[in-house]
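# Structure assessment
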Amino acid sequence: KKNAIQCLLSRSLPINRLFNKCDEYEKQEDIVINKRLKYFASKNDGVYFIDPNPAICKENKCIVIDNDKPVYTDNSHFTRKYSGIVGDYIFSKIK
């Protein structure tokens, strides 16, 4: 994620846009805290875990750049747009 932001910043000069292509997707990684939360939810009645990854990941690839804009503001926080997308996904799973 950080590489995506750095890549976009490196393209601020027009000449760099010609030579520096930024990857829009990164390989999906297992997030340790998500595994722990999922395990905790499985062992406790009334506790549920909703994995947010399906909102931004498909076929083991997660979007990190959308139309030359970063999906994250840093290594772990979504932009306002993607906070809304992930939030909508989570709310759609709550019944």
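Whatever comes next refers back to the structure up there.
No experiment lies behind these values; they were computed from the predicted model shown.

Attention shifts here to the environment of Ile-5. The topology assignment puts Ile-5 in helix 1 (residues 2-10). Ile-5 sits in the partly exposed class, given a relative accessible area of 21%. Along the backbone, Ile-5 and Pro-70 are 65 residues apart, and their C-alpha atoms lie at a distance of 6.2 Å. For Ile-5, the contacting residues outside a window of four places in its chain are Pro-70, Tyr-72, Thr-73 and Asp-74.

With that out of the way, let us pick up the sheet that holds strand 3 (residues 61-63). An order of 1-3-2 is seen for the 3 strands of this open sheet, with the pairing classed as antiparallel. Each having just a single partner strand, strand 1 (25-27) and strand 2 (57-58) make up the two edges of the open sheet. Examined bridge by bridge, strand 2 and strand 3 share 2 bridges and lie antiparallel to one another. By the bridge assignment, Cys-57 is partnered in strand 3 with Cys-62.

For the coordinates displayed, the defined rule picks out 1 aromatic pair. Where Tyr-72 meets Phe-78, the ring centres are 4.8 Å apart and the plane angle is 25°; that geometry is what we call stacked. Under the relative-accessibility criterion, Tyr-72 is labelled buried at 8%. Look at Phe-78 and you get partly exposed, because its relative accessible area is 24%.

What counts and what doesn't
- Residues numbered from 1 in each chain as written.
- Predicted model: local features only at pLDDT ≥ 70, side-chain atom pairs only at ≥ 80, totals over all residues.
- Heavy atoms only, no water.
- Helix = DSSP H or I, 4+ residues; strand = E, 2+ residues; numbered from the N terminus.
- Buried < 20%, exposed > 50% of the residue type's maximum accessible area, 1.4 Å probe, protein only.
- Contact = heavy atoms within 4.5 Å.
- Pairing = 2+ DSSP bridges.
- Phe/Tyr/Trp six-rings, centres within 6.5 Å; stacked < 30°, edge-to-face > 60°.

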